[in-house]
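Each chain is listed here by its residues.
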Amino acid sequence: MDIEGSVALVTGANRGIGRAFARALIEHGAAKVYAGARDPAKVVDQDVTPLRLDVTDHQQVADAAAVAGDVTVVVNNAGIGGASTKLLEGPFDGARRAMDVNYFGTWAVSRAFAPVLARNGGGALVNMLSLASWVGQPLFPGYAAAKAAQWSLTDALRKALREQGTLVVGVHAGFVDTELSAWTDAPKISAAEVAEQTVRALADDRVEVLADEETRKAKDALSLPLDPGAPKTDTTDTDDTTDAIDTTDATDTTNTTDTTAETGTVLGAVLDRWKAAVDGHRPQEVAAQFTEDAVFQGLHPYSVGRQGIADYYASQPLGLTADYRVLETRRLADDLVFGYLGVDFGFTDRPTLGVNLGVLVRCVDDGWYISHYQVSRLD
Ligand SMILES: NC(=O)c1ccc[n+]([C@@H]2O[C@H](COP(=O)([O-])OP(=O)(O)OC[C@H]3O[C@@H](n4cnc5c(N)ncnc54)[C@H](OP(=O)(O)O)[C@@H]3O)[C@@H](O)[C@H]2O)c1
């Protein structure tokens with residue numbers, strides 16, 4: 001969708017990730033951003049329009065939908081930790097409150113604004129989810145359950161609002177550097193980074209953002225067996241080697257092996273993994289995003305198969321980065337997606353190189369992989 005000229009509402013926009021969402025939307029050309037806040041006086045950004053909105057107050061939600069009737073992008077960001085509820089003892093109050101804000105609050109705002117978005121041409125609904133949507137968290141079980149519920153809601157909304165042309169985007173992240181995660185010293189990405197990735201996904205009509213490496217790994221691990229030796233994905237407790245993900249009930253319709261997954265989701269997931277591995281200078285991991293027999297044409301002689309791809313990326317300079325935008329996509333068959341991209345390869349010691357890139361992404365046994373990669377130099 002076009003962010004330029006859009007009108008957005010962000011809930012919980014007075015601080016943290018919500019504030020960064022509002023800022024990113026303004027910076028990408030939104031004409032107006034309503035900054036939902038329980039206390040509008042706490043909204044300090046001069047470029048946004050404060051709007052009183054406690055997402056658990058049904059009257060305030062209804063009033064917001066009436067006042068902000070021009071909205072084309074809704075970002076359900078408001079959330080709390082609910083960490084006072086322990087897994088094996090004590091009261092459930094914190095967990096109930098997390099359900100109220102994160103899950104029912106998102107649901108209430110989505111319901112109230114669905115007709116507004118429909119009236120305004122479809123637009124987009126963004127739900128701020130978490131790595132914890134997919135991974136049970138012994139340290140904050142109520143939060144994770146609320147985020148899992150919110151993910152399920154997001155998936156239902158994606159299907160239900162397709163007909164009215166609303167793009168529904170789920171944003172998953174591990175720890176983000178805000179007050180919510182101030183209790184832990186675990187590695188964190190910035191709120192601005194989450195917001196920037198989300199705005200790019202909106203611009204590219206992608207339905208999912210996996211904002212960091214831990215989150216991408218957690219999603220990949222959903223298809224792994226449930227044995228105690230399975231790779232850990234719980235970022236909260238790095239000493240617990242017995243932790244594993246329960247995938248027995250997984251009904252994730254965006255699973256990478258699902259041939260009905262949406263074209264944008266398939267392409268975005270593969271390309272995000274490719275980009276993360278390129279940016280991290282991990283040649284074997286880049287090669288692992290390709291099929292065994294992939295035909296690869298970079299800016300040097302072509303190669304076939306993963307080893308040639310690993311060698312190619314191993315020869316690239318440290319600090320190489322790849323920023324892509326999707327220009328065209330086609331669903332060629334259930335198991336075959338074509339993507340035509342613009343890619344800017346950044347270097348530390350020379351100007352950025354812009355290329356166009358065609359990729360064929362194919363579903364084989366256990367997931368989606370690039371089977372043909374063809375770069376065209378633009379100058
Ligand atoms: N930080 C992380 O590590 C992380 C990781 C993944 C996902 N997330 C998700 O990202 C979202 C934003 O989190 P954050 O890290 O930015 O947290 P934060 O810094 O604690 O900010 C939370 C925001 O939500 C608002 N809020 C709380 N209850 C509300 C309610 N009932 N109605 C309206 N607004 C309410 C807060 O308003 P007040 O100022 O009035 O309290 C605040 O603006 C949440 O959904 C969170 O689950 C966070």
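Parameters at a glance
Here, residues in each chain are numbered from 1, in the same order as that chain's written sequence. Local features in this predicted model are restricted to residues of pLDDT 70 or higher, and side-chain atom pairs are both shown and tallied only at a pLDDT of 80 or more, whereas totals for entire chains, interfaces and linings draw on every residue. Two strands are counted as paired when DSSP detects at least two bridges linking them. Counting from the N terminus, the helices are DSSP H or I runs at least four residues long and the strands are E runs at least two residues long. Angular values range over 0 to 180 degrees, each being the angle between N-to-C directions of two axes fitted as lines to C-alpha atoms, with helices fitted over their stretch in contact. Our exposure labels follow a C-beta count within 10 Å of each residue's own C-beta, placed from the backbone: buried means 20 or more other C-beta atoms, exposed means 12 or fewer, and partly exposed covers the counts in between. Convention used here: a crossover is right-handed provided that the path from the first strand, over the helix, to the second strand proceeds clockwise when the strands point away from the viewer. The arc in question is traced by the directions running from the helix axis to the C-beta atoms. Distance between backbone-placed C-beta atoms decides contact: two residues are in contact if it is within 7 Å. Per residue, pLDDT captures the predictor's confidence, and it can take any value from 0 to 100.

S.K.: Any details on the sheet that holds strand β7 (residues 208-210)? Residues and values, ideally.
M.R.: Ordered in space as β3-β2-β1-β4-β5-β6-β7, the seven strands form an open sheet in which the pairing is parallel. Unpaired on one side and paired on the other, β3 (49-52) and β7 mark the two borders of the sheet. Here the average twist between neighbouring strands, direction ignored, is 20 degrees. Alignment of strand β2 (residues 32-37) against β3, held across four bridges, turns out to be parallel. Bridge pairing in β3 places Y34 opposite T49.

S.K.: Please give an account of the pairing of strand β6 (residues 167-172) that cites residues and values.
M.R.: Where burial is concerned, most of β6 is hidden: six out of the six residues are buried. As paired strands, strand β5 (residues 124-128) and β6 are joined by five bridges and run parallel to one another. Residue pairing in the sheet places V126 in a bridge with V169 of β6. The β-α-β motif built from β5, the intervening helix α4 (residues 141-160) and the parallel element β6 has right-handed crossover chirality.

S.K.: So, helix α6 (residues 213-220): which residues are in play, and what are the values?
M.R.: One full turn of an α-helix is made of 3.6 residues, so residues set three or four places apart face in the same direction. Among the residues making up α6, those that are buried are E214, T215, A218 and K219. Projected onto a plane normal to the axis of α6, the buried residues spread over an arc of 135 degrees and lie on a single side. In the core, the buried residues of α6 are packed alongside β6 and β7.

S.K.: Please give an account of unusual backbone geometry that cites residues and values.
M.R.: Excluding glycine, a negative phi dihedral is what most residues carry, and trans is how most peptide bonds are arranged. The phi dihedral of D205 falls on the positive side, at around 60 degrees, and the residue is not glycine. Along the polypeptide, D205 turns up in the loop between α5 (191-203) and β7. Of note, the phi angle at H281 is positive, near 50 degrees, even though the residue is not glycine. Residue position: H281 is located in the loop between α7 (263-279) and α8 (283-287).

S.K.: Talk me through the confidence of the model for the protein chain; I want residue IDs and the actual numbers.
M.R.: In the predicted model, the protein chain carries a mean pLDDT of 90, and the fraction of residues at 70 or more is 91%. In the predicted structure, residues 228-256 sits below a pLDDT of 50 and forms 52 contacts with residues beyond four places in sequence or in another chain.

S.K.: Pulling in residues and values, what's your account of the pairing of strand β4 (residues 73-76)?
M.R.: Of the two faces of β4, the one lined by V73 and V75 and the one lined by V74 and N76 are each fully buried. For strand β1 (residues 7-10) and β4, the ladder comprises three bridges, and the chain directions are parallel. Across the sheet, A8 pairs through a bridge with V73, a residue of β4. Where β4 meets β5, four bridges bridge the pair, whose relative direction is parallel. Bridge pairing in β5 places V73 opposite A124. After leaving β4, the chain enters helix α3 (residues 93-119) and then returns to the sheet as β5, a path that is right-handed.

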